[in-house]
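Residue-level structural notes
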Amino acid sequence: MKLLNTELIPLCKKGSGIEKMKQLFQIIFFFISQHSFAQGDSVAYTHEYEFDEGVFLTENQFKQNNPIPKLSIVSDYPKSQSDFLDEVITQKNITFKDASGKEQKVETATIWGYCKNRTIYLNFNKEFSRLNVIGSLCYFTATVRTVSPFRDPMNYNYGMNTTYDELRQFVYDTETNEVLDFNVKNMETLLMRDSLLHNQFMALKKRDKPDAIFIYLRKYNERHPLYLTTK
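First things first, this report covers the structure right here in the doc.

Reading the values: the criteria
- Residues numbered from 1 in each chain as written.
- Predicted model: local features only at pLDDT ≥ 70, side-chain atom pairs only at ≥ 80, totals over all residues.
- Heavy atoms only, no water.
- Core = buried A, V, L, I, M, F, W, Y, C linked by side-chain atoms within 4.5 Å.
- Buried < 20%, exposed > 50% of the residue type's maximum accessible area, 1.4 Å probe, protein only.
- Helix = DSSP H or I, 4+ residues; strand = E, 2+ residues; numbered from the N terminus.
- Contact = heavy atoms within 4.5 Å.
- Pairing = 2+ DSSP bridges.
- Expected span 1.5 Å × (residues − 1).
- Bend = angle between axes of the 7 residues up to and from the residue.

So, on to the nonpolar core. Core analysis: the biggest nonpolar cluster contains 20 residues, and Phe-51, Phe-62, Trp-112, Ile-120, Leu-131, Ile-134 and Phe-140 have the highest contact counts within it. Those elements that place two or more of their residues in this core are strand S7 (119-124), strand S9 (137-147) and strand S10 (163-173). Of all the elements, S9 adds the most residues to this core, at four residues. In this structure Ile-120 touches Phe-51, Phe-56, Phe-62, Trp-112, Tyr-114, Cys-115, Ser-129, Arg-130, Leu-131 and Ile-134, once residues within four positions along its chain are discounted. Leu-137, Tyr-139, Phe-182 and Met-187 belong to the second-largest nonpolar core, a separate cluster that totals 15 residues.

Below you can see the structure in the form of structure tokens.
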């Protein structure tokens, strides 16, 4: 828009009325064509969208569908094996060759995630969890180690904190790159971005909201698609 503001006025001061109209239409056509080109570079995610296999260092690489491909990853493990990427992410570091052919090394704990067989795995809580729903709001489950608030006096470890593994639900917000517990409170906050859905959700009875959060996550994704880069 800055180009339009700075160049449109000088052009309109030159020549006859017909020439000025021609110039104005040329500028408008230029911006329309540029906008159409930009829109053509991305597409709303659907189940038919094909992610490229490889390692995503950042969330932007995920959105651009631009991972480090398997061929660029340096490893003694055979790339022909179907579990190659699964094996790579178990290592402390991942080594790969950049565009210039120079080897780079990153800590596996710092990468955003990876794609295998069109399935996306997000790095969360030191593990890689499959995104079961992909959209502006992604849904997944992950095992979390929780400290038990109760202590059994009959346990020989009485007096020490005990832990247990718990399977919990989460939502990954692609707008903020944050992971939140998938619960009523957080969905109420996320839906504030869409006044229509938020009002509908808030109008539900309290006892009905827990069963409705998944429905409204899907509704939100339908109204606010996740746009990904096309090849």
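Don't stop here, the text continues.
Hydrogen bonding along the main chain pairs the strands of a sheet, whether they run parallel or antiparallel. Across the sheet, three strands lie side by side as S3-S4-S5; this open sheet has antiparallel pairing. Single-partner strands in this sheet number two, and they are strand S3 (73-74) and strand S5 (103-107). In terms of strand pairing, S3 meets strand S4 (residues 93-97) through two bridges, oriented antiparallel. When the sheet's bridge partners are listed, Val-74 is paired in S4 with Thr-95.

The end-to-end C-alpha distance of helix H7 (residues 209-223), which contains 15 residues, comes to 20 Å, matching closely the 21 Å that a straight helix rising 1.5 Å per residue would cover. If you look at H7, its biggest bend is around 30°, right at Ile-215. Listed as buried for H7 are Lys-209, Ala-212, Ile-213, Tyr-216, Leu-217, Tyr-220 and Asn-221. On its buried face, H7 sits against strand S8 (127-133), S9, S10, helix H5 (184-190) and helix H6 (195-202).

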